[in-house]
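Architecture and fold: a report
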Amino acid sequence: MRKNTKYRRLFYGLLRKNVSVSQVLGYAFAALAGMTILFSAFCFREDVKPLFSSESGLFKPGFMVVNKKVSVLSAFGKGNSIFDSSEIEEIRRQDFVRSLSYFTPCRYQVRAMISLSGRMSTLSTEMFFESVPDKLLAQYGNKDWKWDETSGLIPIIIPRDYLNLYNFGFSGSQGLPQISESIIQQLVFQIIIDGNGVSENFKGRIVGFSDNLNTILVPEVFMSWSNNKFAASGGDDSGRISRLILEVKNPADPKIAEFFAAKPDYEVNDNKGEQGKLSYFLTILIVSVMVVGALVMLPAIGLMLLSINLMVYKDRQTLNHLMLLGFSRDALVRPYSILVIVLNFVVALFGVFFTLIIRHFYFSRLGVLGITETSGSLVSTFVFSICFVLVLTILDIYWIYRKIKKVF
Amino acid sequence: MDIIRVNHVIPDFISGTENPVSEIWSKEIPFCRGKKYLIRAASGKGKSSLFSYIFGERTDFTGDIFLDRAKTGTLTQSQWVRIRRMEISFVFQGLRLFPDLTAFENVSLKNRLTNHKTSEEIRDLFVRIGLEEKLNEKVARLSYGQQQRVAVIRALCQPFDFILMDEPFSHLDDENIAVVAGIIIKELEQRGAGLLLSSLGEDYPFDYQQRFDL
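Everything numeric in this text was worked out from a predicted model, so none of it was measured. (Residues numbered from 1 in each chain as written. Chains lettered and ligands numbered in written order. Predicted model: local features only at pLDDT ≥ 70, side-chain atom pairs only at ≥ 80, totals over all residues.)

**Focus on the overall build of chain A**
Within chain A, the regular secondary structure consists of eleven helices and eleven strands. With 408 residues in all, chain A has 26% of them scored as buried. (Helix = DSSP H or I, 4+ residues; strand = E, 2+ residues; numbered from the N terminus. Buried ≥ 20, exposed ≤ 12 C-beta atoms within 10 Å, placed from the backbone.)

**Brief notes about the overall build of chain B**
For chain B, the helix and strand inventory stands at six helices and nine strands. A burial count over chain B gives 39% of its 214 residues as buried. Sequence-distant contacts, at least 24 apart, represent 79% of the contacts inside chain B between residues at least 6 apart. (Contact = placed C-beta atoms within 7 Å.)

**Observations concerning the nonpolar core**
Of all hydrophobic cores here, the largest spans 92 residues; its most connected members are I153 and L164 of chain B. If one sorts the elements of this core by residue count, helix 2 (residues 21-53) of chain A sits on top with twelve residues. The contact partners of L164 of chain B, leaving out residues within four places of it in the chain, are F51, I54, F55, I88, F90 and L196 of chain B. Of all hydrophobic cores here, the second largest spans 35 residues; its members include V218, F222, I241 and I256 of chain A. (Core = buried A, V, L, I, M, F, W, Y, C linked by C-beta atoms within 7 Å.)

**Focus: the sheet that holds strand 8 (residues 189-195) of chain A**
Residues and elements named next belong to chain A. Read across the sheet, five strands follow the order 5-4-8-9-7 without closing on themselves; strand pairing throughout is mixed. Strand pairing shows two members of the sheet lacking a second neighbour, strand 5 (122-127) and strand 7 (153-159), which therefore form its edges. With strand direction ignored, the average angle separating the axes of adjacent strands in the sheet is 35 degrees. Both strand 7 and strand 9 (residues 198-210) contribute to a ladder of seven bridges, which runs parallel. In the strand pairing of strand 9, P159 is matched with S210. Packed on one face of the sheet, helix 4 (residues 160-174) meets strand 7 and strand 9 and runs near 80 degrees to strand 7. (Pairing = 2+ DSSP bridges. Axes fitted to C-alpha atoms, helices over the stretch in contact; angles between N-to-C directions.)

**Examining helix 6 (residues 220-230) of chain A**
Residues and elements named next belong to chain A. Where helix 6 is concerned, the buried positions are F222, M223, S226, N227 and F230. Projected onto a plane normal to the axis of helix 6, the buried residues spread over an arc of 125 degrees and lie on a single side. Facing away from the buried side of helix 6 by over 90 degrees, the exposed positions are S224 and N228. As for helix 6, its buried residues are in contact with strand 3 (104-105), strand 6 (130-131), strand 7, strand 8 and strand 9. (Arc of directions from axis to C-beta.)

**Let's talk about the interface of chain A and chain B**
Across the boundary between the two partners, chain A contributes twelve residues, which contact 15 residues of chain B. Elements represented by at least two residues in the side of chain A that touches chain B include exactly helix 1 (2-16) and helix 9 (316-325) of chain A.

**Remarks on the sheet that holds strand 2 (residues 28-32) of chain B**
Residues and elements named next belong to chain B. Pairing is antiparallel in the open sheet, where four strands are placed in the order 2-1-4-5. The open sheet terminates on both sides in strands that have one partner only, identified here as strand 2 and strand 5 (70-71). The pairing of strand 1 (residues 3-11) with strand 4 (residues 61-67) spans six bridges and is antiparallel. Bridging across to strand 4, I4 finds its partner in L67.

**What to know about the packing of helix 3 (residues 103-114) of chain B against helix 5 (residues 144-156) of chain B**
Residues and elements named next belong to chain B. Where helix 3 meets helix 5, the closest approach of the two axes is 8 Å, and the angle between their N-to-C directions is 25 degrees. With respect to their mutual orientation, helix 3 and helix 5 come out roughly parallel. Like other packed secondary-structure pairs, helix 3 and helix 5 cross with a definite hand, here right-handed. Counted together, A103, N106, V107 and K110 of helix 3 and V150, I153 and R154 of helix 5 form the full contact between these two elements. Within the contact of helix 3 with helix 5, the residues separate by chemical class into four nonpolar, one polar and two charged. (Parallel < 35°, antiparallel > 145°, perpendicular 65-115°, else oblique. Left-handed = near helix turned anticlockwise from the far one by under 90°. Nonpolar A, V, L, I, M, F, W, Y, C, P; charged D, E, K, R; others polar.)

**Section: the environment of A30 of chain A**
Residues and elements named next belong to chain A. Within the secondary structure, A30 is located in helix 2. Assessed through the 20 C-beta atoms surrounding it within 10 Å, A30 is described here as buried. In this structure, the C-alpha to C-alpha distance between A30 and V296, residues 266 residues apart in sequence, is 6.8 Å. Residue contacts for A30: discarding those within four places in its chain leaves V296, P299, A300 and L303.

**Considerations on the confidence of the model for chain B**
For chain B, mean pLDDT is 94; residues scoring 70 or higher make up 99% of the total. Quick note on the complex model: pTM equals 0.67, ipTM equals 0.93. (pLDDT = per-residue confidence, 0-100.)

**A few points about the pairing of strand 9 of chain A**
For a regular strand, side-chain orientation follows a simple rule: the groups alternate between the two sheet faces. Sheet analysis places strand 8 of chain A next to strand 9 of chain A, joined by seven bridges and oriented antiparallel. Across the sheet, residue I191 of chain A finds its bridge partner in strand 9 of chain A, namely F202 of chain A.

**Considering the confidence of the model for chain A**
The predicted model of chain A averages 82 in pLDDT, with 85% of residues at 70 or higher. Confidence scores differ between elements of chain A, with helix 1 of chain A showing the lowest mean pLDDT of 78 and helix 9 of chain A the highest of 93.

**Focus: unusual backbone geometry**
All names here are of chain B. Unlike most non-glycine residues, S26 shows phi in positive territory, near 70 degrees. For S26, the location among the structural elements is in the loop between strand 1 and strand 2. Of the residues examined, S26 has 16 C-beta atoms within 10 Å and is grouped as partly exposed. Residue R96 is not a glycine yet carries a positive backbone phi of 60 degrees. Tracing the backbone through its elements, the reader meets R96 in the loop between strand 6 (88-91) and helix 3.

**Overview of the environment of S124 of chain A**
Residue and element names in this part refer to chain A. Note on placement: S124 falls in strand 5. Accessibility expressed as a C-beta count within 10 Å gives 13 for S124, which makes it partly exposed. Not counting residues up to four positions away in its chain, the partners in contact with S124 are R111 and M113.

**Some remarks on the environment of R33 of chain B**
You can see R33 of chain B is positioned in the loop between strand 2 and strand 3 (36-40). In this structure, R33 of chain B is in contact with M1, D2, I3, D161, F162, G192, A193 and G194 of chain B, ignoring residues within four places of it in sequence.

**Some remarks on the packing of helix 10 (residues 329-366) of chain A against helix 11 (residues 375-407) of chain A**
Residue and element names in this part refer to chain A. One way to put it is that helix 10 packs onto helix 11 with a least axis distance of 9 Å and a crossing angle of 155 degrees. As judged from the angle between their axes, helix 10 and helix 11 are roughly antiparallel. Crossing hand, helix 10 versus helix 11: right-handed. Here the residues of the contact of helix 10 with helix 11 sort into 15 nonpolar, seven polar and three charged.

In structure tokens:
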């Protein structure tokens, strides 16, 4: 064992005689700077990602609602806010759109009534229903969000603002009790539907609230059933589409912002319009920083490849003698390979270490945004750095192999 | 390896010369295992070239060289590695020792490839050729004659069927030549190996089966 070590030292020493310390240090510092910038930018991107992907809205992540602004002319029936089929097609054709669907309105009259306990008063209001494809809803799959003809109880989602309006405005002024979200979800409303010459009573219950979308939603299946039964026959929804729901491939895609910037009469509600812009700028920023990191890395890699050229050139006589003594090409590549493997991984280790310091620094500033440190971004940064240094090392070793092959 | 055939070989540097007078160039010469051959020529006639062609180091010639049935030009890198480790040993004219390593390190670097001899056997060889004092001396500090002897020991530290020796005794006195030749003859007998030795004209104490004037 000791003999082996001694022998290896002998052999490696022979080939590393010409390793230039200044070149190695030059490479190490340049590569360290490049890797630190690259790894930090990557880590930062991973850390702030949750800011742009977390969502507590009505829709699953990756959806946005588009409507047209209501103008003065709309009131006179001109320049209305209905999307025509060419406009819908134009949006559907965009690269960032995965699927497009729209709100289905009810085509009959709806009244809701509720008797408040302890009082004889009955609240009654005219209202409407809309539905969207169930699969788009975060509520989808929830046991409450179901309806069939036998159940009789219609699940409804209303804007949370409606409840606030009642609790903080109406109930106080009228001497009525305030109602919490959990209580209102226990209440059963009477729903009266009139249309097509028929009137029928149903029961309805509020199963959820939405923060960002002003509509009253019922399940898709109820909407199609009720429209069938109560709407004047022959009518359909086309020509009445005023709100579109887009499923986008990547909510942070800058093309989305570009497209809608060119359509000033469109309004987009993606729960995070401001975040979308921030995400856009931040993506540009992070990409720029990574490009800088790559630009620093390039001369470092160039320096390494040149140093390899020089080392092999200086060692060519020794390499030639060793070859004639019966050493294989692989054996001759090994001492240089081990050198670059150790060098690259040590540099990467320091790069990761500095990245952790930088991360600690920016987290002390990011705390106000409510971003918490997670280990997930660290894991992906480690994976990224390991992949990066592996690719780099493989490139170096390939280069060494090529150079030594020329000597043989 | 039982036979090295040198068939119609003409080095590029003498091709074009009309009718080169040579007992090897342009001829069919078989070198057989177990036999000893002397190749004599003045400087610059191509003794080292012939050995380099056989050893696969150079290919600037026309004609064919066969190691057993394999043509040298067709051998792969890994086949050459095996041949240089196990079948043909070579004492280079330029010695090709590593000046920064000691005499012993130079020899053991080669020996470790096949672990052919033990450290004790190597030391014993140094003792027999009178270099035990120089064992741990850097080769750069040895005289050329001493270096030649180190190179011979190194060439013996591997299995071989043939050993090529390119003017190995040029800087040795007769007494040293006799000692080194004795060691070589014993090693050749042990392995049943063949010897190809080149000289400027000297005969050296080997009983050759054949002598060639290149």
